[in-house]
Amino acid sequence: MYEKLDRIIAQCPYKVHVIVEDYNTNNIIWKNRDKEIFSSASIIKVPILIAILAHLDKTNGNLNHVYEIASENMVEFSVITEQRQTRATLHELLLWMIITSDNTATNVCIDLLGMDAFNNYFKEIGLHNTRVQRKMMDFERQKLGFDNETTAQDIQHLFRQIYRGTLLTKEWNLVALNILSRQRSYESLKRFIVDDVKMAHKTGGLDTVDHDTGIIFAEKRDYFIGVFITNVTDNDKARQTIGTISKIVYDHFTKQEEGTD
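Residues numbered from 1 in each chain as written. Predicted model: local features only at pLDDT ≥ 70, side-chain atom pairs only at ≥ 80, totals over all residues. Heavy atoms only, no water.

1. What about the packing of aromatic side chains?
Turning to step 1, where the next piece is worked out: One pass over the structure, following the stated rule, counts six aromatic pairs.
Turning to step 2, where the next piece is worked out: Seen from their ring centres, Tyr163 and Phe217 are 6.3 Å apart, and the 35° between their planes marks the pair as tilted. Placement of Tyr163 in helix H8 (residues 152-164) and of Phe217 in strand S8 (residues 209-217) is noted, with a sequence separation of 54 residues between them.
Turning to step 3, where the next piece is worked out: Exposure remark for Tyr163: the relative accessible area of 23% places this residue in the partly exposed category.
Turning to step 4, where the next piece is worked out: For Phe217, a relative accessible area of 23% translates into the label partly exposed.
Turning to step 5, where the next piece is worked out: Aromatic pair Tyr223 and Phe253: ring centres 4.2 Å apart, planes at 10°, arrangement stacked. Of this pair, Tyr223 sits in strand S9 (residues 223-230) while Phe253 sits in helix H10 (residues 235-258), and the two are 30 residues apart along the sequence. Across the pair, Phe253 and Tyr223 agree in class, each one buried.
Turning to step 6, where the next piece is worked out: Aromatic rings pair up to connect Tyr23, Tyr163 and Phe217 into one cluster. (Phe/Tyr/Trp six-rings, centres within 6.5 Å; stacked < 30°, edge-to-face > 60°. Helix = DSSP H or I, 4+ residues; strand = E, 2+ residues; numbered from the N terminus. Buried < 20%, exposed > 50% of the residue type's maximum accessible area, 1.4 Å probe, protein only.)

2. Regarding helix H9 (residues 170-180)
Three- or four-residue spacings in an α-helix give side chains the same orientation, since the helix completes a turn every 3.6 residues.
Turning to step 1, where the next piece is worked out: Within the span of H9, buried status applies to Trp172, Asn173, Val175, Ala176, Leu177, Ile179 and Leu180.
Turning to step 2, where the next piece is worked out: On the buried face of H9, the contacting elements are helix H2 (45-59), helix H4 (90-99), H8, strand S7 (198-206) and S8. (Contact = heavy atoms within 4.5 Å.)

As structure tokens, this is what we get:
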């Protein structure tokens with residue numbers, strides 16, 4: 001496995017940030033550029049999801065609470081915008097934010113706590129290089145140097161805590177896993193895996209980045225994989241690379257299960 005992965009990264013014209021953790025042993029079995037900070041794209045929506053659920057947990061909040069959707073939060077790439085929806089429950093907002101990467105839903109969610117509160121929470125839970133500094137589609141702010149950022153190591157640390165259930169009570173952690181497991185984009189991590197494997201994951205993409213990361217619930221051996229590609233010039237090629245890396249890692253764990261690795 002390791003030689004194949006090294007060869008793929010060496011041949012890739014883009015920067016490839018990868019980290020793989022075996023949840024049976026809690027060991028990081030492979031990593032590359034795991035501490036480098038990069039533009040998170042929609043991966044930032046996972047720590048936003050967890051921060052909001054943690055807030056609900058502490059305040060006895062209600063997922064059925066209805067929020068108004070201000071016109072300034074309406075942006076492209078949003079099923080909410082397409083429907084001209086002006087109100088939504090918090091559960092709807094969180095679902096759309098993750099499963100279709102809805103940008104309008106995300107902007108409403110950012111307003112719920114505010115960027116400072118999110119960033120303080122990220123630091124509290126050990127995400128030292130993860131920051132939300134702009135709303136979705138706010139490219140003017142991005143040009144000024146304010147981008148949403150993270151590292152492969154931070155995201156691995158976050159998903160480990162989600163998997164172990166150490167950030168939220170059992171009830172709220174199940175909500176997080178349920179939402180992440182309903183992801184509708186399968187062009188990357190699941191691209192070349194023929195098995196009907198369960199994943200709790202999130203994609204992220206801009207013109208110059210493509211990411212996919214999360215928990216793979218294999219039959220006998222769960223693991224984490226995060227593949228984050230930056231300096232991209234061809235998004236489909238980047239997603240193919242993510243899919244190839246994911247398939248190699250999946251085959252490695254599957255063969256271990258079968259005793260043939």
